[in-house]
Amino acid sequence: MYTPYQDYIHTLNNTLKYRKLPIFRQEKFSSVLDFSNNDYLGLSQHPKILKEAINAIQIYGMGAKSSRISSIYHPFCDQLETQIALDKKTEAALFFSSGFQANFSVLSAILDRGILGGCPVVFSDRLNHASIYQALLFSQCEWVRYRHLDTKHLQCLLEKYAKDSRPKFIVTETVFGMDGDTAPLKDIHALALKYKTFVYLDEAHATGLFGINGYGCSTLQDWSQVPHIIMGTFSKALGGSGAYIACSKILKEYLINKAQGFIYSTAPSPCVVAAALRAWNLIKTMNKERLHLKSLGESFRKMLTEQGEDIGSSTTHIIPIILKNEESVMEIQHYLGFKHIYVSGIRPPTVPPNQARLRIGLKALHTQEDLLRFMQEWKKLRENRIY
Ligand SMILES: Cc1ncc(COP(=O)(O)O)c(C=O)c1O
């Protein structure tokens with residue numbers, strides 16, 4: 001039977017934009033050098049977390065069986081939310097099944113025109129994640145994009161809207177997932193105070209690694225004078241899945257009553273929440289791993305820039321090698337894969353046009369030798385002009 005989807009796939013198939021799932025390869029783990037995932041602290045394999053998850057399955061079973069709204073839930077979630085609020089210095093927290101679900105449902109709930117009594121104006125960093133983009137589209141807000149990390153541009157735009165009495169929001173990631181650079185939170189805080197805006201922060205790639213005890217960049221700033229929501233995930237440095245929203249008590253109550261992805265979705269499995277709680281409590285003990293990751297980042301960025309590579313404005317464990325050309329990116333990803341080195345090839349629309357790149361995600365389990373092994377292959381590529 002003919003469907004228009006066939007045409008779409010057919011057209012895409014002949015371009016570099018066609019996406020397909022990587023095939024699982026049974027390989028000796030020891031020979032693989034994996035820079036392609038976000039398990040930054042190696043917690044996805046941590047024995048204490050695995051034990052906690054297994055224990056939760058044995059007590060509570062596999063599934064949560066219903067939405068949290070309609071049935072009594074296990075106790076880990078309350079414990080986790082209390083602990084998150086404490087460490088994020090907010091009144092309350094709420095757990096979601098995934099980061100995408102949290103961003104989409106929370107942003108669309110707080111941007112509800114009916115509740116706000118008019119169309120909100122949202123100032124959004126132009127490189128924010130797709131889940132934020134989708135939520136802003138869905139909410140039909142007035143969407144004002146500012147240049148990536150550019151608070152001067154943000155200020156100009158805020159000034160332009162200064163006499164506009166509609167509710168205003170600033171939305172940004174704190175560590176950017178594709179660029180590995182960080183948002184200027186001090187400036188954003190000052191602008192939010194001056195122009196009386198709400199602030200929404202996405203700490204997906206910062207949670208576990210930055211701020212006080214690894215609890216995110218937001219912990220370095222006092223947000224008590226600015227209405228705010230901080231979102232972060234358990235799917236990256238915390239090695240599991242799910243996401244948190246840290247906010248005021250009243251906003252938590254509002255989200256429980258309004259966030260569609262919370263109300264109309266089965267709660268996260270008990271083992272996921274138990275693992276999240278263990279991981280959350282573990283990260284405050286992982287300063288050594290954070291320091292190691294920081295120093296790996298510094299040496300890798302140095303090695304790559306000495307080699308003449310464009311690594312954009314990365315200052316963290318996420319390092320893009322910006323090649324621009326999509327074909328080269330995919331060819332090199334393929335080539336490195338054969339050498340048992342996994343990196344992610346990132347193309348538009350995930351990144352802007354002409355910004356195709358290899359994305360390197362460093363992990364605390366990596367060593368200086370791993371970086372040297374990568375550089376050896378990389379130099380061969382360059383010398384032999386494989387691209
Ligand atoms: C900045 C950012 N926010 C949100 C998400 C979504 O998180 P999750 O993978 O838990 O759905 C991601 C995932 O890549 C992300 O990079």
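Residues numbered from 1 in each chain as written. Predicted model: local features only at pLDDT ≥ 70, side-chain atom pairs only at ≥ 80, totals over all residues. Heavy atoms only, no water.

Going by what an unreviewed UniProt entry lists, the chain is known as 8-amino-7-oxononanoate synthase and is assigned to Holospora elegans E1. The annotation that UniProt attaches to the chain under Pathway (unreviewed entry) is "Cofactor biosynthesis; biotin biosynthesis." Looking at the chain in UniProt, the text filed under Cofactor (unreviewed entry) is "pyridoxal 5'-phosphate". (UniProt positions renumbered as here; feature names shortened; annotations may be inferred.)

A.B. asks: Please explain the packing of aromatic side chains as it appears in this structure.
C.D. replies: The geometry of two aromatic rings is summed up by the distance between their centres and the angle between their planes. What the rule picks out here adds up to 15 aromatic pairs. Between Phe35 and Phe300, the aromatic rings sit 6.0 Å apart at their centres with planes inclined by 25°, giving stacked as the arrangement. Of this pair, Phe35 sits in the loop between strand 1 (33-34) and helix 2 (47-60) while Phe300 sits in helix 12 (residues 287-306), and the two are 265 residues apart along the sequence. No difference in accessibility class separates Phe35 from Phe300, as the two residues are buried. Their ring planes at 75° and their centres at 5.0 Å tell us that Tyr133 and Trp143 sit as a pair that is edge-to-face. (Phe/Tyr/Trp six-rings, centres within 6.5 Å; stacked < 30°, edge-to-face > 60°. Helix = DSSP H or I, 4+ residues; strand = E, 2+ residues; numbered from the N terminus. Buried < 20%, exposed > 50% of the residue type's maximum accessible area, 1.4 Å probe, protein only.)

A.B. asks: Can you help me understand the side chain of Asn103 in this one?
C.D. replies: Residue position: Asn103 is located in helix 4 (residues 99-110). We classify Asn103 as buried; its relative accessible area is 1%. Within the local environment of Asn103, its side chain forms a polar contact with the side chain of Ser131, the two groups lying 3.0 Å apart. In this structure Asn103 touches Ser108, Ser131, Ile132, Ala135, Tyr200, Asp202 and Met231, once residues within four positions along its chain are discounted. (Polar contact = N/O pair within 3.5 Å; in protein donor to acceptor, adjacent residues only side chain to side chain. Contact = heavy atoms within 4.5 Å.)

A.B. asks: Teacher, can you tell me more about helix 3 (residues 76-88) here?
C.D. replies: Each full turn of the α-helix corresponds to 3.6 residues, which orients residues three or four apart in the same direction. Across its 13 residues, helix 3 extends 18 Å between first and last C-alpha, which sits within 8% of the 18 Å expected from 1.5 Å per residue. Inspection of helix 3 places Phe76, Cys77, Leu80, Glu81, Ile84, Ala85, Asp87 and Lys88 among the buried residues, and these make up the whole buried set. On the buried face of helix 3, the contacting elements are helix 2, strand 2 (92-96), strand 7 (228-233), strand 8 (243-247), helix 9 (249-258) and helix 11 (270-283). The positive-phi residue at the C-terminal boundary of helix 3 is Lys89, with phi of around 60°. (Expected span 1.5 Å × (residues − 1).)

A.B. asks: Honestly, the UniProt feature "domain: Aminotransferase class I/classII large" (unreviewed entry) in the chain in this entry has me stumped. Any pointers?
C.D. replies: Under the UniProt annotation, the feature "domain: Aminotransferase class I/classII large" (unreviewed entry) is placed at residues 32-375. Secondary structure content for residues 32-375 is 42% helix and 17% strand, and the end C-alpha separation is 15 Å.

A.B. asks: How should I be thinking about the packing of helix 13 (residues 326-338) against helix 14 (residues 368-383) in this particular structure?
C.D. replies: When two helices pack together, their arrangement is given by the angle between the helix axes and by the axis-to-axis distance. For the pair helix 13 and helix 14, the least separation of the axes is 11 Å and the interaxial angle reads 130°. What the angle tells us is that helix 13 and helix 14 run oblique. The handedness of the crossing between helix 13 and helix 14 is right-handed. Side by side, helix 13 and helix 14 meet where Ile332, Tyr335 and Leu336 of the first sit next to Phe374, Glu377, Trp378 and Leu381 of the second. For the contact of helix 13 with helix 14, the class distribution of residues is six nonpolar, no polar and one charged. (Axes fitted to C-alpha atoms, helices over the stretch in contact; angles between N-to-C directions. Parallel < 35°, antiparallel > 145°, perpendicular 65-115°, else oblique. Left-handed = near helix turned anticlockwise from the far one by under 90°. Nonpolar A, V, L, I, M, F, W, Y, C, P; charged D, E, K, R; others polar.)

A.B. asks: Where do I start with the pattern of salt bridges in this structure?
C.D. replies: Side chains bearing opposite charge may pair, as long as their charged atoms lie close to each other. One pass over the full model with this rule turns up 14 salt bridges. Across the salt bridge formed by Glu81 and Arg68, the nearest N and O atoms sit 2.8 Å from each other. One end of the pair, Glu81, is in helix 3; the other, Arg68, is in the loop between helix 2 and helix 3, and 13 residues separate them in sequence. For the pair Glu81 and Arg68, one class covers both residues: buried. Put simply, Arg68, Asp78, Glu81 and Lys252 are held in one network by salt bridges that share partners. (Salt bridge = Lys/Arg side-chain N within 4 Å of Asp/Glu carboxyl O.)

A.B. asks: What is the right way to look at the nonpolar core in this model?
C.D. replies: It is characteristic of soluble globular proteins that their nonpolar side chains tend to be buried jointly. Core analysis: the largest hydrophobic core is formed by 85 residues, its most contacted members being Phe123, Phe300 and Phe374. With 10 residues, helix 11 is the largest single contributor of residues to this core. The two domains that each donate at least three residues to this core are domain 1 (4-31 + 287-383) and domain 2 (47-283). Residues within four places of Phe374 in sequence aside, it is in contact with Leu33, Phe35, Phe300, Leu304, Ile321, Leu336, Ile341, Val343 and Ile360. Of all hydrophobic cores here, the second largest spans 26 residues; its members include Ala109, Ala135, Leu136 and Val171. (Core = buried A, V, L, I, M, F, W, Y, C linked by side-chain atoms within 4.5 Å. Domains from an automatic or database assignment.)

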